Amino acid sequence: MTEDIPQMDDPLDIPCLKHGAMEGLKPFIAAPIHQEALGFPGELVPDWKERALEKMAEMAETNRAFQIYLDTCVKCGACTDKCHYFLGTGDPKNMPVARQDLLRSVYRRYFTFAGKYFPWLVGARDLTEDVLHEWYSYYHQCSECRRCSVFCPYGIDTAEITMAARDILAHVGIGQKYSNEIIGKVHAIGNNLGLPAKALGATLEDLEEDIEDETGVSVRIPVDEHGADILLVTPSADFFAEPHIDGLLGYAKVFHEAGVSWTVSSYASEAANFGLFIGNQDQMREVSLRIKKAAQDLGVKRIIFGECGHAWRVAYGFMNTLAGPFDFLDQNYPIPQHILEFTWDEIQKGTFTFDKSKNDHIRLTYHDSCNVARASRMGDEPGGQFEIPRNVIKAVCNNYFDMERDTTHESTLCCGGGGGLLTDDLMDLRVKGASPRMTALQQVTEDHGVTHMAAICAICKTQFSKVMPKYGYDMDSILSVHQLVSNAIILTGQEIDDAEDTND
Amino acid sequence: MLGTIYALLFYVATALLVVGLAMKIRKYARTPAPLRIPVTPSPTTRTGVILRMFREVLFFESLFKSNKWIWAFGWVFHMSMWLVLARHLRYFTYDVWGWVAFIQPFGTYAGFAMVAGLAGLWARRFLVERIRYISNPSDHLMLALIIAIGGSGLTMRFVAHTDIIAVKAFMLGLLRFRIGDLPADPFLLIHLGLVATLMIIFPISKLLHAPGLFFAPSRVQADNARDVRHVGRWDNEGEQHD
Ligand code: SF4
Ligand code: SF4
């Protein structure tokens, strides 16, 4: 398989327009069974046009963002070069404003004076089946990363339009297989993987053994432990995928050393919430309610989320609205808390002993995940979501280098696989969309000999382990932040094995 | 006759502008925000948000980070426009206020800066491939309209002077619902006609960015989701907060 990998000199190089470059690219459409499981019609309904317009009218009435963003764009063009999918593909419909216009043109036609009477003047167009399919294609070439919103003078967030479009499509019968199938599994089993409670328990027991073999210390990874203080909700990828799993070992060691009691839940064994991706707040709510129920059933006092980008967005920003109030939890701790907030607090208290040299074979950079960077916070100060992960990294790692500032912090570039696009049927888009980030990484490799990149998002980690090899890195060049913590932490009572140091 | 036509035009335009904008703003304010979606990092308090909005309105902070050319042209255009508008207050008050008299010379030359800024923005719509792609006819026409307003105004100020005393008398009359005479000066009629047009299309065009800015959830919501519970439609039907 030969994909053409975009050649960029600078991560933010603006390509010439390549009209139609990504036209027709579509993820698989959800089968009726996956649609119906979520209460959507199984296939395109005969009266799709009326229903789509009805849904659009409803959104304009019930969602201020939708209405404002469609009305206020002045087509200034400031966002046109801000999307990694545009930078990577050159397709003009991947420019954020052009992506919005795919829907705005229809909104104008049916809901605005100018569009009703002078459609040609304001670029308004009729809703046709072709338009639906164009939506399906280009609204699945957006990772809902919000980078464009940072740079828009009116804060117009294309992610909101993308979510709305996907929701409209699902409501007329055209849902996305990848996301809808996964949400169905969460409802039925409790996690994205469809990993049943028994298998989960067995996996975690194996991991406990691994830690004991490695350190000689018995560290527990409890499941469904009633009366534990902390419920850990983490992406299910942490239970089986690399490098996610090494992050989970890190959380376990951190909790162990901090001496807190904690548990995961088999009922809510998933932090990810793909309801966000498909733009459906009711689905998002149902998934969130599972977490609340698990917390209540287990009688925990605190909820902590593992390393996952969009999960943290939903948890931090929406869970309280959707599933709250959480007045049964201990109000002395943030609700919810991020695992990095927990770890950083304990580091500051001096709880851990680290041997930073355990990470000396790594020259590291850090990828800010978009949902953490632009849709949430850690700590008390704005921007804590950038500082806290870096603080933790620097506490456990000697060689750290940031990528170009225009590609980090609030300007971070998406990994290319977020927002429900982490599916093999979109691999071409994923590889191209990753090219700005990969170019920024190559720069720090050239300048500082960087060998590895850390991230705190399950999707980023999976995406990078797939696409980094195409850009000349090993697939294990992507690391979990808590994997670095796990490498460096010296558990109380751990035998220091000198022989191990030399045979790396 | 001319006076009557323009008087009616301005009454209608003002009514449409005020009523249209009021209706839009009411709609924006009443449309619920189901979830909290500030784009972070963002201020955690109301005061912080107000300061941020000041910076956005006065300096176009986000646009500055985004694109220096668009920022330069856009900022010069908007700030000059405010000066020019302020200068025009002298035609609506019997005694010219002190500060209006003071800015008179700045306001006059700001007219050139305003047209220059607009010309820059328009040039980008032709020259930059990406912006050409996203421009609709209405985007070009809007620039043409405002440039024509500026151009006709500057012409009256510097080339073909109009009887400004008579214009002021006409305007003061309008404010008191007395319809007087208007000089039959082509540039004046063009200028006023286009201004009325702009007022009429304001509430149904992209000029809605002016009020819209203050309602964009991504910018005006404080980042305080963990401290203050944002109540959405799920709590109680009919009970909505923002
Ligand atoms: S930056 Fe904002 S206002 Fe400008 S074109 Fe993009 S979405 Fe529209
Ligand atoms: S949200 Fe991200 S992926 Fe979507 S258009 Fe904006 S920059 Fe592109």
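Note that residues are indexed from 1 along each chain, following the sequence as it is written. Starting at A for chains and at 1 for ligands, labels are handed out in the order in which the entities are written. Note on the predicted model: pLDDT of at least 70 is required for a residue's local features to be given, and 80 or more for side-chain atom pairs to be given and counted; whole-chain, interface and lining totals, by contrast, use all residues. Side-chain numbers here rest on the full set of heavy atoms in the structure, without hydrogens or water.

### With respect to the packing of aromatic side chains
1) Next: Any two of the Phe, Tyr and Trp rings considered here, Trp counted by its six-membered ring, make a pair once their centres fall within 6.5 Å; the pair's planes then place it as stacked at under 30 degrees, edge-to-face at over 60, or tilted in between. Under the counting rule described, the total for this entry stands at 22 aromatic pairs over all chains.
2) Next: Geometrically, the ring pair formed by Phe-66 of chain A and Tyr-107 of chain A is edge-to-face, given 6.3 Å between the ring centres and 85° between the ring planes. Taken together, the residues Phe-66 of chain A in helix α3 (residues 64-72) and Tyr-107 of chain A in helix α5 (residues 96-111) connect sequence positions 41 residues apart. Across the pair, exposure class does not vary: Phe-66 of chain A and Tyr-107 of chain A are buried alike.
3) Next: On the numbers, 4.9 Å between centres and 80° between planes, the contact of Phe-64 of chain B with Trp-71 of chain B is edge-to-face.
4) Next: What links up through ring pairs into an aromatic cluster is the set Phe-66, Tyr-107 and Phe-111 of chain A.
5) Next: Lysine NZ or arginine CZ positioned within 6 Å of the ring centre and within 35 degrees of the ring normal marks a charge as sitting over the ring. Sitting over the face of the ring of Tyr-333 of chain A, Arg-302 of chain A holds its NZ or CZ atom 3.6 Å from the ring centroid. Here a helix means four or more residues in a row that DSSP labels H or I, a strand means two or more in a row labelled E, and each is numbered from the N terminus. Under the scheme applied here, a residue whose accessible area is under 20% of the maximum for its type counts as buried, over 50% as exposed, and between as partly exposed, the area being computed with a 1.4 Å probe on protein chains only.

### Re helix α2 (residues 46-59) of chain B
Helical geometry note: an α-helix holds 3.6 residues per turn, so side chains three or four residues apart project in the same direction.
Residue and element names in this part refer to chain B.
1) Next: Take the number of residues in a helix, subtract one, and multiply by 1.5 Å to get its expected span. The end-to-end C-alpha distance of α2, which contains 14 residues, comes to 20 Å, matching closely the 20 Å that a straight helix rising 1.5 Å per residue would cover.
2) Next: Looking at α2, one finds that the buried residues are Gly-48, Val-49, Arg-52, Met-53 and Glu-56. For α2, the arc enclosing every buried residue in end-on projection is 135°, short of the 170-degree limit, so these residues lie on one face.
3) Next: Contacts were defined at the residue level, with two residues in contact if any of their heavy atoms lie within 4.5 Å. Buried residues in α2 make contact with α3 (61-66) and α11 (217-220).
4) Next: Backbone geometry just downstream of α2 places Phe-60 in the positive-phi region, at approximately 55°. The directions from the helix axis to the C-beta atoms are what the arc is built from.

### Observations regarding the site of ligand 2
1) Next: Residues are labelled near a given molecule or strand when at least one of their non-hydrogen atoms is within 4 Å of it. Near ligand 2 you find 14 residues, and of these Cys-83, Cys-142, Ser-143, Cys-145 and Cys-148 of chain A are the closest.
2) Next: Of all the secondary-structure elements, those providing two or more residues to the shell around ligand 2 are α4 (84-89), α5, α9 (147-151) and α10 (158-172) of chain A.

### Section: the environment of Ser-480 of chain A
Residue and element names in this part refer to chain A.
1) Next: Secondary-structure assignment places Ser-480 in strand β7 (residues 478-480).
2) Next: Given the relative accessible area of 0%, Ser-480 is considered buried.
3) Next: C-alpha of Ser-480 to C-alpha of Met-453: the two residues are 27 residues apart in sequence and 8.7 Å apart in space.
4) Next: Beyond its immediate stretch of four places on either side in the chain, Ser-480 contacts Pro-243, His-244, Gly-247, Glu-307, Ala-455 and Lys-461.

### Concerning the interface of chain A and chain B
1) Next: With 80 residues of chain A at the contact, the number on the chain B side is 57 residues.
2) Next: Taken over both partners, the interface formed by chain A and chain B buries close to 5600 Å², and the fraction arising from carbon and sulfur atoms is 56%.
3) Next: Whenever a carboxyl oxygen of Asp or Glu lies within 4 Å of a side-chain nitrogen of Lys or Arg, that contact is scored as a salt bridge. The residue Arg-226 of chain B makes a salt bridge to Glu-341 of chain A at a minimum N-O spacing of 2.8 Å.
4) Next: Whenever two N or O atoms come within 3.5 Å, that pair is a polar contact, provided that in protein one can donate a hydrogen and the other can accept it, and provided that, for residues adjacent in sequence, both atoms are side-chain atoms. Counting across the chain A and chain B interface gives 40 residue pairs in polar contact (both at pLDDT 80 or more). What gets called buried area is simply the loss in accessible area from a 1.4 Å probe that two parts show on being joined, summed for both.

### Points about the domain arrangement of chain A
All names here are of chain A.
1) Next: Domain extents, as shown, originate in an automatic or database domain assignment. Each assigned domain of chain A is listed here: domain 1 (2-175) and domain 2 (184-401 + 450-488).
2) Next: The distance between the C-alpha centroids of domain 1 and domain 2 comes to 31 Å.
3) Next: Between domain 1 and domain 2, the contact holds 16 residues from the first and 16 residues from the second.
4) Next: For the pairing of domain 1 and domain 2, the buried interface totals around 1400 Å² over both sides, and the portion due to carbon and sulfur atoms is 51%.
5) Next: Seen at the junction of domain 1 and domain 2, the total is zero salt bridges.
6) Next: Of all the elements in the fold, those that place two or more residues in the side of domain 1 that touches domain 2 are α9 and α10.
7) Next: For the side of domain 1 that touches domain 2, the element with the highest residue contribution is α10, accounting for five residues.
8) Next: All amino acids are sorted into three groups, where Ala, Val, Leu, Ile, Met, Phe, Trp, Tyr, Cys and Pro are nonpolar, Asp, Glu, Lys and Arg are charged, and the leftover types, Gly among them, are polar. Residue classes in the side of domain 1 that touches domain 2 are distributed as seven nonpolar, two polar and seven charged.

### Notes on the sheet that holds strand β4 (residues 337-338) of chain A
Strand pairing in a sheet is mediated by backbone hydrogen bonds. Such pairs are either parallel or antiparallel.
1) Next: Note on pairing: two strands pair once DSSP finds at least 2 bridges between them. Here we have four strands laid out as an open sheet, ordered β2-β1-β3-β4 (chain A), and parallel in their pairing. Pairing within the sheet leaves two strands with one partner each, and these edge strands are β2 (262-264) and β4 of chain A.

### Looking at helix α13 (residues 244-258) of chain A
Residues and elements named next belong to chain A.
1) Next: Taking 1.5 Å as the rise per residue, α13 with 15 residues should run 21 Å; its terminal C-alpha atoms sit 21 Å apart, in good agreement.
2) Next: In terms of burial, α13 is a largely internal element, 13 of the 15 residues being buried.
3) Next: One or two steps after α13, the chain reaches Gly-259, where phi turns positive at roughly 70°.

### Describing the pattern of salt bridges
All names here are of chain A.
1) Next: With the rule as written, the count across this model stands at 31 salt bridges over all chains.
2) Next: A salt bridge links Arg-125 to Glu-134, with the nearest nitrogen and oxygen atoms 2.8 Å apart.
3) Next: The class for Arg-125 is partly exposed, based on a relative accessible area of 24%.
4) Next: Overall, Glu-134 belongs to the buried group, its relative accessible area being 16%.
5) Next: In this structure, Glu-144 and Arg-166 form a salt bridge, with 3.2 Å as the shortest nitrogen-oxygen distance. Of this pair, Glu-144 sits in the loop between α8 (129-138) and α9 while Arg-166 sits in helix α10, and the two are 22 residues apart along the sequence. As far as burial versus exposure is concerned, Glu-144 and Arg-166 are alike and both buried.
6) Next: Within the structure, one salt-bridge network assembled from shared partners comprises Lys-75, Asp-101 and Arg-104.

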